[in-house]
Every structure is written in C-alpha cells, then in structure tokens.
Amino acid sequence: MDRVSSFDEPLLKLLGGATAKVMAEHLDLHTVGDLLHHYPRRYEERGKLTALADLPLDEHVTVVAQVADARILMFNNGRGKRLEVTLTDGSGRLQLVFFGHGVHKPHKELLPGRRAMFAGKVSVFNRKMQLAHPTYQLLDASDADEATEAVDAFAGRLLPIYPACKQLDSWRIAKAVDAVLPSARDAVDPLPPSLREGRGFTSLPEALLKAHRPQTKADVEDARARLKWDEAFVLQVALARRRYADTQLPAVARRPVADGLLDAFDAKLPFTLTEGQEKVSKEIFDDLATEHPMHRLLQGEVGSGKTMVALRAMLTVVDAGGQAAMLAPTEVLAQQHHRSITEMMGELAEGGMLGGSDRGTKVVLLTGSMGMAARRQALLDLVTGEAGIVIGTHALIEDKVQFHDLGLVVVDEQHRFGVEQRDALRSKGKQPPHLLVMTATPIPRTVAMTVFGDLETSVLDQLPAGRSPIASHVVPAKDKPHFLARAWERVREEAENGHQAYVVCPRIGDDAEEAEGKGAKKAKAKKAAPEEDGDKRPPLAVLEIADELRKGALAGLGVEVLHGRMHPDEKDDVMRRFAAGDVDVLVATTVIEVGVNVPNATAMVIMDADRFGVSQLHQLRGRVGRGSAPGLCLLVSEAHEASPARARLSAVAATLDGFELSRIDLEQRREGDVLGQAQSGVRSSLRMLTVIDDEEVIAAAREEAVAIVAADPELEHLPELRTVLAALLDKDREEYLDKG
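Criteria and thresholds
Residues numbered from 1 in each chain as written. Predicted model: local features only at pLDDT ≥ 70, side-chain atom pairs only at ≥ 80, totals over all residues. Heavy atoms only, no water. Pairing = 2+ DSSP bridges. Helix = DSSP H or I, 4+ residues; strand = E, 2+ residues; numbered from the N terminus. Axes fitted to C-alpha atoms, helices over the stretch in contact; angles between N-to-C directions. Contact = heavy atoms within 4.5 Å. Parallel < 35°, antiparallel > 145°, perpendicular 65-115°, else oblique. Left-handed = near helix turned anticlockwise from the far one by under 90°. Nonpolar A, V, L, I, M, F, W, Y, C, P; charged D, E, K, R; others polar. Core = buried A, V, L, I, M, F, W, Y, C linked by side-chain atoms within 4.5 Å. Buried < 20%, exposed > 50% of the residue type's maximum accessible area, 1.4 Å probe, protein only.

Caption draft 1: Focus on the sheet that holds strand S20 (residues 601–606). With respect to topology, 6 strands assemble into an open sheet ordered S16-S21-S20-S17-S19-S18, the strand pairing being parallel. Two strands lie at the open edges of the sheet, namely strand S16 (470–476) and strand S18 (559–562), each paired on one side alone. Averaged over all pairs of adjacent strands, the angle between strand axes in this sheet comes to 20°, irrespective of strand direction. Sheet topology note: the strand S17 (residues 500–504)/strand S19 (residues 585–588) ladder contains 4 bridges and is parallel. Across the sheet, the residue bridging to Ala501 is Val585, located in S19. With respect to the sheet, helix H21 (residues 568–579) is in contact with S17, S18, S19 and S20, its orientation differing from that of S18 by roughly 140°. Helix H23 (residues 644–654) contacts S16 and strand S21 (631–637) of the sheet and is inclined by roughly 160° relative to S16.

Caption draft 2: Up close: the sheet that holds strand S15 (residues 456–460). Taken together, the 7 strands give an open sheet; going across it, the order is S11-S12-S10-S13-S14-S9-S15, and neighbouring strands pair in parallel fashion. On the outer flanks of this sheet lie strand S11 (362–366) and S15, each paired with one strand and no other. Between one strand axis and the next, the sheet turns by 20° as a mean value, whatever way the strands run. Where strand S10 (residues 323–327) meets strand S12 (residues 387–392), 4 bridges bridge the pair, whose relative direction is parallel. Bridge assignment links Met326 to a residue of S12, and that residue is Ile391. Docked against the sheet, helix H12 (residues 275–288) engages strand S9 (295–300), strand S13 (406–412), strand S14 (434–439) and S15, running at close to 155° with respect to S15. Against the sheet, helix H13 (residues 306–319) engages S9, S10, S12, S13, S14 and S15, with an angle of about 170° to S13.

Caption draft 3: Fine view of the packing of helix H14 (residues 331–345) against H21. Following both chains from N to C, one finds H14 and H21 inclined at 50°, their axes separated by 10 Å at the closest point. One way to sum up the angle between H14 and H21 is to call them oblique. Of the two possible hands of crossing, H14 and H21 adopt the one that is right-handed. On the side of H14, the interface is formed by Glu331, Val332, Gln335, Gln336 and Arg339, while H21 contributes Pro568, Lys571, Asp572, Met575 and Arg576. Partitioned by chemical class, the residues of the contact of H14 with H21 number 3 nonpolar, 2 polar and 5 charged.

Caption draft 4: Representation of the nonpolar core in the model. Ranked by internal contacts, the top residues of the largest apolar core, which has 39 residues, are Met314, Met345, Ile389 and Leu408. It is H13 that provides the largest number of residues to this core, a total of 9 residues. With residues near it in sequence (within four places) discarded, Ile389 still touches Leu311, Met314, Leu315, Val318, Ala324, Met345, Lys362, Val363 and Val364. Counting 32 residues, the second largest nonpolar core, distinct from the first, contains Leu27, Tyr43, Ala176 and Leu204.

Shown next as structure tokens:
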C-alpha cells in the first residue's frame, strides 16, 4: 500500500458497515486519515492507587481491593435490577453499583474473596461513598509479581477520551482507532525537514501514535505541539498562496487626483481626522495605487470612523475614473449609509444635478424594495457611469446590475455576508475590483490571521474626538425588581433632559415561536440549556414591552417600535423620526445593532440581555454615547447571580474594550461558532489548534508560510506539503479560499 492511499482507505473496509456509517453520518469521518486526525479531546488518568479510607469525592480514582460481598437487588416492582458489591482493602470499605444490563458480567466475576482493580468516579449515595459502573480488571492472586505489574500498567495508563456522539461512545471510537493505528506510519509529513528539525518536532507518524496512545503526559505534549503546528502551518501556507496569487491578478490602479472630489470633500469636513484614520487611509490609498487588487479588512470599534475612511477610499476611486459600491447586510443599514454619506458629501453627492457641484458625482441607493421607476433610474446611472457611488444590499449582485467601471467594493459587516455574494460582486468589474471589508466586531489577531488570513488587516482603535464614555450596569430584574423600576426612571430622566433611548428585546412578538436575527436564534438555542433560570419563559418581545411601557413606566413619552417584519418605508419613517428627535424611546429588535447613528440617543436598556452573545451586546451598546453626552447601557437579566450568563454580562459591563470582550466571547464559545459555517474553508481543518490559546503558534506558522511561499510559490520542491494541501483543500475549501 503506498504512503498516501492508506490514509484514503474508506473506513467501511476496515471497521464494518454499522460503525463506519455512524462515523460518517454523525462525526463526518470517512477515511482512515479522517479517523487518525480525530484526536482525543482529553485523557483520563486512572489515578494513582488510592486507599479506600482516603477517597476524594468527585475524582477519578483507581483502587485495588477484595470483594467482601455482592448481592442483586430488585426495584421498580421487580422491573429493575441493581448489583451492589462491597469492597474492602483493610483501610476502609467502598460500595460499587451496576444497573440494568450491566449487572450480568460483574455478577459472575466479582465473587466474594476475588481481588481486582477498579477505576471510576467517586460519588455519594445515601451518605455512602460509591463507584457507579466502574471499569475493573481481575487480578490473579496466585502470582504476586504479575499482579503488581498489572496494577502498575492499569493504574498508570492514560485513557484517551474522544469527541463522541450518542450513537458511538468514546471507548468504541478508541477501539476503531486501534484498528487503523498501524496506518499512522504511512502519514505524509507536510513539514519541510529543515523546519521540523529546526523546531525540534517529533515525526508525524510518531506524533499520531503519541496522540492516540500516549504512555506519559510528555507524549501528549509532544504530540500536541507537533499536530497544532501542522494545522496552523498548512492553513497559513494555503492562505499565503492565496495572497500571492492575488498579487499576480491584474487590477486598475486608482491613484488620488489633486483638486478632485476627495480634496473638495476634505476641505469641507468640520473636524480633523484622527491619527488612526489618517494612518489607515494611507494604507488603503497605497493599496489602491497598485496594479493588483487590494484585499483589506478594516476593523474598528463601533463609532471609530470606519465609514469616513471607506468613503474617502470611494471618492479616490471616483476621482480616478472608477465607480465604488458599498454592500450593507440589511435595507435599514443601506438606507442609513446612503443618508449619512449624502449628508456628509452635501452638494458633492449631486453631480450632474441642479445645485450640485461640478466636481460632484451621483450617489445612488439600490435595494430590493425600491419602486420600479427609481430602480430603473439607478440601474441606468450605474451603467452609464453617471453614479460614481452606489450603496445597496445584495440586490446589487443581481445579474441585471451592470457597472460602467467598478473599481472598489466595500463590504460592511463581512460576517453576515457569504463569500459567494462577495465573489459575485467582484466579478462585475472589467478586471477584479479592489476590495475593502469592514467589521465593527473586534476580532482577536489570531482569528483575523486564521479566518481572514487572505486579507491584510487595518485596525482603527481610537475613537474620534467628541465621543463620550458609556457606563454599563447589570440589572438583576428577578432578585432586585426595584432596580428595573429605577432603570425606567433613568430612561424617563434622559428623555426629560432632551435625550432619547433604545429598548432592545430578543423577539418581535405576536408569535411565541418567531424571533428575529441572531439574538433570537441564540434565544431558541439557549432555551434548551437548563443552566439559565430565566429561560423558563419565552424571550421578551418588542410589541409586548412597548405596550407595557406606554401604559406604565414610560406613559406620556413618545414610544415607537422598530423590527424586521415592518415594511421598509415604515422602518425608514420611524428611523427618520427617531433621528429627528420626534420619538423619545425606540423599542426594537437587533435591527439597530449595526450602523444606526443617532448622537442624541444616550440610554439603552437591553431586555433579557443574557440571551445575546457578548460581541452582540457590545455592538448594541455602541449605539449610545455617540454624541457629547455620556451614554448609559443597562443589561436587564433574570439569570441567577452564579450562572455563566451573568458572568458574561458582568464581563460586558466591566470593559468597553471590544478586543478584550471578543477574547472572552471566543473563550466561551470556542472556535466552532467563530469560524462558523460561512468559513467552511477552515472550519474542519482545525482539530487540535485553538485559535484563542495558540496565538504564538499561528503567528510563527504564518511567518514560516510566507517565507516558504515567497521562495517557492508552486511548492515544487515540497511535494509532501503539496500533497497534504491538496487533501486539506478539497474542492469546496479551495473555492472558499479562492473567494477570499
């Protein structure tokens, strides 16, 4: 069998139909290679031998003892069987218990007088210490030396515990691994020998053996170090090759033009740009001036001025004779961007129109719900080049939309946007347009290097002058109802001082099962989790809360609602009136999470705050404190003080640093959600690596990968690395990376 094919061998051949079917359907394991890369999640130590008198509660222990007696008891009117075995070792006594079908074998084997070794977790039942369903090994008393050896081997072993599923438990997976483990010696090693030796890594076959069947803890450490590195390195090589390939693509260089639209815009700005905005703008302008497409991720806290930076980039492209398109995830946000950009540009956004500037251009909006006439005009303005800037939702991607010369695509909130959509828009340029991706979700450096590894990253980490601090507090509505009453008083005080407030709920209302956006999905998912004591009722709803507030705590104030089921015109009308100050309190779902900019809104009350994720709460909170008055965010929760949900809320209340919060969020959710389905290009390749804990590994692997790809873009001299890359990047993943 050659070196590659043994890894490609279907599990069906080696394990039998039933096991292979469960592995394929429930664990996505199809080949020998898949199973060998299905690493143990942790290792149980049988524990040192423990005297019965010293047993620690809730710990995994191993004891050697003699059976004093064993008896079968019936319960449930004779329908249930329980085997109770009492052990003694001279220092104390211990009870074992086996239930149901598990009683037959031990009943035959654990006879009074037999000596055996037992391993299990110590619990208490009826005030007695016990082991429930322990594993055991009988010891033959005739040969004391052999018995001692067996004791040492059994007690000292590390038991691999595999990620399992209901249909297939860990020990059966371990058994299947035993069947394929000999194939580990055929593993193709992706690391160049100089790199492996330079970093002192063990060989890949040895790392696989040590991962699955470690003799010592040092074996586990060796295996982990090597396998983590492989994952980081192979992925970073794939991304480095993508970036290299992008530098080989042609694009039209878009260089700034003196006395053009950008200069006219800068001249009328009523404030100076922050240092960060200047620095990031320079990075973007340098990219735009090159003859290969820019691929840049712009990260910035809510309100750090990303839109301003993006707009200046779009104006540069228009100056250079091209067009720029901005893609927003929702119609509300597209309208909001269109409004704020036309306001910022003034007469410069009215090119070719009466009263417009002769240096101006047209800024058009294109969304799915536009009337036919307006839509036809917008499409005409795009194809003739009359409109230099277009802002829209994914309606921009439809085949009907043709551009005169698309030079730059700005994507707002990438994590809500499929790579296919991004790709479809890019294909609308005569040559690939430059791409700027913006996100207000702070992404830890390692996640950026892993998930957005094909994009260069710019970070805006200072807030513009004039932004106010936001005070955040948790309101424990269940334990201290008077705190909630005080929260509504605070909202009323803000309104009486001429300010406005948001109240956010996870659900719209009317229909108990319906909910909107991520918060709702989380709410549904969390209803299944018994940890939160506030989850016995459905999440609070916009329509119900608005009604209660109008009749009760906020009677007399202008209270309006905003949610995703409203007609776009109706939504726009409510947002306009709120922005104009005609509405005191806006009760909304998470539609306000991104991009809604009302500087006069100073307070936010988030109901059922524990049903939202950390970064989502941080995003929502960023809607207040956008003007000169300080912001206030109240996180209302019925979760118990000691629950993880409350810990999450306290973390949000304790810091305004989005990067710190994204770390906390990531630690709690681990990689699955972060890399997410949309990032399927990397998701399934991370098994040992954790992007939050292995920052140094990822950074070092990226450095090595960049050097290797720069020296040998086609990896001609590294056939093993090429083979492993080909296996990792099956067609779907290759396409994912291509769409970058």
